[in-house]
Amino acid sequence: MKAALVNALLFQAGWLICVLGAAYQRPLAGSLVALGIIAWHLSRAVRPRREAWLIAIAGATGAVWDSLLVSLKLLEYASGTLVAGTAPYWIVVMWMLFATTLNVSLRWFKQHLILAVPVGAVAGPAAYYAGYSLGGVYLPDPFLALAALSAGWAVLLPIMLRTAVRLDGFPAPGLTAGHLSARVNHA
């Protein structure tokens with residue numbers, strides 16, 4: 001329970017620092033804090049290689065998804081873009097930071113994948129809207145952007161949770177990935 005609370009709080013702090021860093025034209029500062037949290041997370045993992053793969057996959061997924069939204073002109077980022085028309089590096093780091101929650105504070109969610117669809121559809125766009133409110137991202141057409149984000153997160157969150165089942169760096173005592181995978185398959 002304590003580990004889950006610390007994980008959730010570190011994620012929220014890293015998220016806020018990344019968004020504010022981007023909003024104030026200091027995306028590297030926020031990214032370095034988030035990378036420090038990720039490194040600490042990996043140092044605590046029972047199976048750090050699996051957890052690192054999960055984090056890398058989440059980063060790649062985020063890079064592709066956010067770059068698609070940028071290329072469709074649904075999102076515009078305040079800073080940190082290295083290549084025009086792509087997602088900024090700090091948002092990719094935030095996707096990686098989010099992955100640190102999948103096997104710790106959001107572990108329970110892996111047994112309830114059906115809930116990931118509506119939760120993703122609401123929570124994903126809510127996070128972007130919060131980032132918009134803080135100045136880290138601009139939504140040229142908020143309704144269209146939030147609708148696209150809702151559809152994307154309704155699909156991406158269950159996929160990421162399913163991936164976390166297979167790449168669990170924090171296995172629960174007495175519960176193997178095979179046991180959890182069998183539970184998920186029957187849900």
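Note that the structure is predicted; figures quoted are calculated from it, not measured.

Moving on: the nonpolar core. Membership of the largest hydrophobic core comes to 44 residues, with the highest contact counts inside it found for Leu75, Leu102 and Trp153. Examining the composition of this core, we find that 10 residues originate from one element, helix H4 (residues 89-102), more than from any other. Setting aside anything within four residues of it in sequence, one finds Trp153 in contact with Trp65, Trp95, Phe98, Gly120, Ala121, Gly124, Tyr128, Pro158 and Met160.

Looking at where Thr101 falls in the secondary structure, it is placed in helix H4. Overall, the relative accessible area of 2% leaves Thr101 in the buried class. With residues near it in sequence (within four places) discarded, Thr101 still touches Asn7, Phe11, Leu106 and Arg107.

What follows concerns the packing of aromatic side chains. Pairs of aromatic rings are described using the distance from one ring centre to the other and the angle between the two planes. One pass over the structure, following the stated rule, counts 7 aromatic pairs. Geometrically, the ring pair formed by Trp95 and Trp153 is stacked, given 4.8 Å between the ring centres and 25 degrees between the ring planes. Linking Trp95 in helix H4 with Trp153 in helix H6 (residues 142-166), this pair joins segments that are 58 residues apart in sequence. Take Trp153: its relative accessible area is 9%, and that puts it in the buried class. With a centroid separation of 6.3 Å and 45 degrees between ring planes, the pair formed by Tyr132 and Tyr138 is classed as tilted. Residue classification places Tyr132 among the partly exposed positions, given a relative accessible area of 27%. Judged by relative accessible area, which is 42%, Tyr138 ranks as partly exposed. Through pairs of rings, three or more aromatic residues link up here, namely Phe11, Trp95, Phe98 and Trp153.

Once that is clear, we can look at the layout of surface pockets. The space that makes up the largest pocket amounts to roughly 530 Å³. Residue assignment for the lining of the largest pocket shows that the elements contributing at least two residues are helix H1 (2-23), H4, helix H5 (113-134) and H6. For the lining of the largest pocket, the class distribution of residues is 20 nonpolar, 6 polar and no charged. Roughly 220 Å³ of volume is contained in the second largest pocket. Ala3, Asn7, Trp40, Arg44 and Val104 are the residues nearest the centre of the second largest pocket, which is lined by 14 residues in total.

On average, the protein scores 92 in pLDDT, and the residues at 70 or more come to 92%. In the model, residues 175-187 has pLDDT below 50 throughout and makes 18 contacts with residues more than four positions away in sequence or in other chains.

Once that is clear, we can look at the packing of H1 against helix H2 (residues 27-44). Between H1 and H2, the least distance of the axes is 7 Å, while the angle of their chain directions is 160 degrees. Regarding the angle of H1 to H2, the classification is roughly antiparallel. Like other packed secondary-structure pairs, H1 and H2 cross with a definite hand, here left-handed. On H2, the residues that touch Val6, Asn7, Leu10, Gly14, Ile17, Cys18, Gly21 and Ala22 of H1 are Pro27, Gly30, Ser31, Val33, Ala34, Ile37, Trp40 and His41.

Orientation of helix H3 (residues 48-71) relative to H4, taken along the N-to-C sense of each, is 140 degrees, at an axis distance of 8 Å. It follows that H3 is oblique to H4 by the angle criterion. When you trace H3 past H4, the crossing you get is right-handed. Contacts between H3 and H4 involve Glu51, Leu54, Ile55, Ala58, Gly59, Thr61, Gly62, Ala63, Trp65 and Asp66 on the former and, on the latter, Ile91, Val92, Trp95, Met96, Ala99, Thr100 and Leu102. Looking at the contact of H3 with H4 residue by residue, the classes come out as 11 nonpolar, 4 polar and 2 charged.

Once that is clear, we can look at H6. With 25 residues, H6 extends 35 Å between its outermost C-alpha atoms, agreeing within 8% with the 36 Å of an ideal straight helix rising 1.5 Å per residue. The axis of H6 is deflected most strongly, by about 30 degrees, at Trp153. Within H6, burial applies to Ala145, Leu149, Gly152, Trp153, Ala154, Leu156, Leu157, Pro158, Met160, Leu161, Ala164 and Val165.

What counts and what doesn't
- Residues numbered from 1 in each chain as written.
- Predicted model: local features only at pLDDT ≥ 70, side-chain atom pairs only at ≥ 80, totals over all residues.
- Heavy atoms only, no water.
- Core = buried A, V, L, I, M, F, W, Y, C linked by side-chain atoms within 4.5 Å.
- Buried < 20%, exposed > 50% of the residue type's maximum accessible area, 1.4 Å probe, protein only.
- Helix = DSSP H or I, 4+ residues; strand = E, 2+ residues; numbered from the N terminus.
- Contact = heavy atoms within 4.5 Å.
- Phe/Tyr/Trp six-rings, centres within 6.5 Å; stacked < 30°, edge-to-face > 60°.
- 1 Å grid on protein atoms, 1.4 Å probe; cavity = no way out; pocket = protein on both sides within 12 Å on 5 of 7 lines; lining within 4 Å.
- Points joined across faces, edges and corners; volume = space filled by probe spheres on them.
- Nonpolar A, V, L, I, M, F, W, Y, C, P; charged D, E, K, R; others polar.
- pLDDT = per-residue confidence, 0-100.
- Axes fitted to C-alpha atoms, helices over the stretch in contact; angles between N-to-C directions.
- Parallel < 35°, antiparallel > 145°, perpendicular 65-115°, else oblique.
- Left-handed = near helix turned anticlockwise from the far one by under 90°.
- Expected span 1.5 Å × (residues − 1).
- Bend = angle between axes of the 7 residues up to and from the residue.

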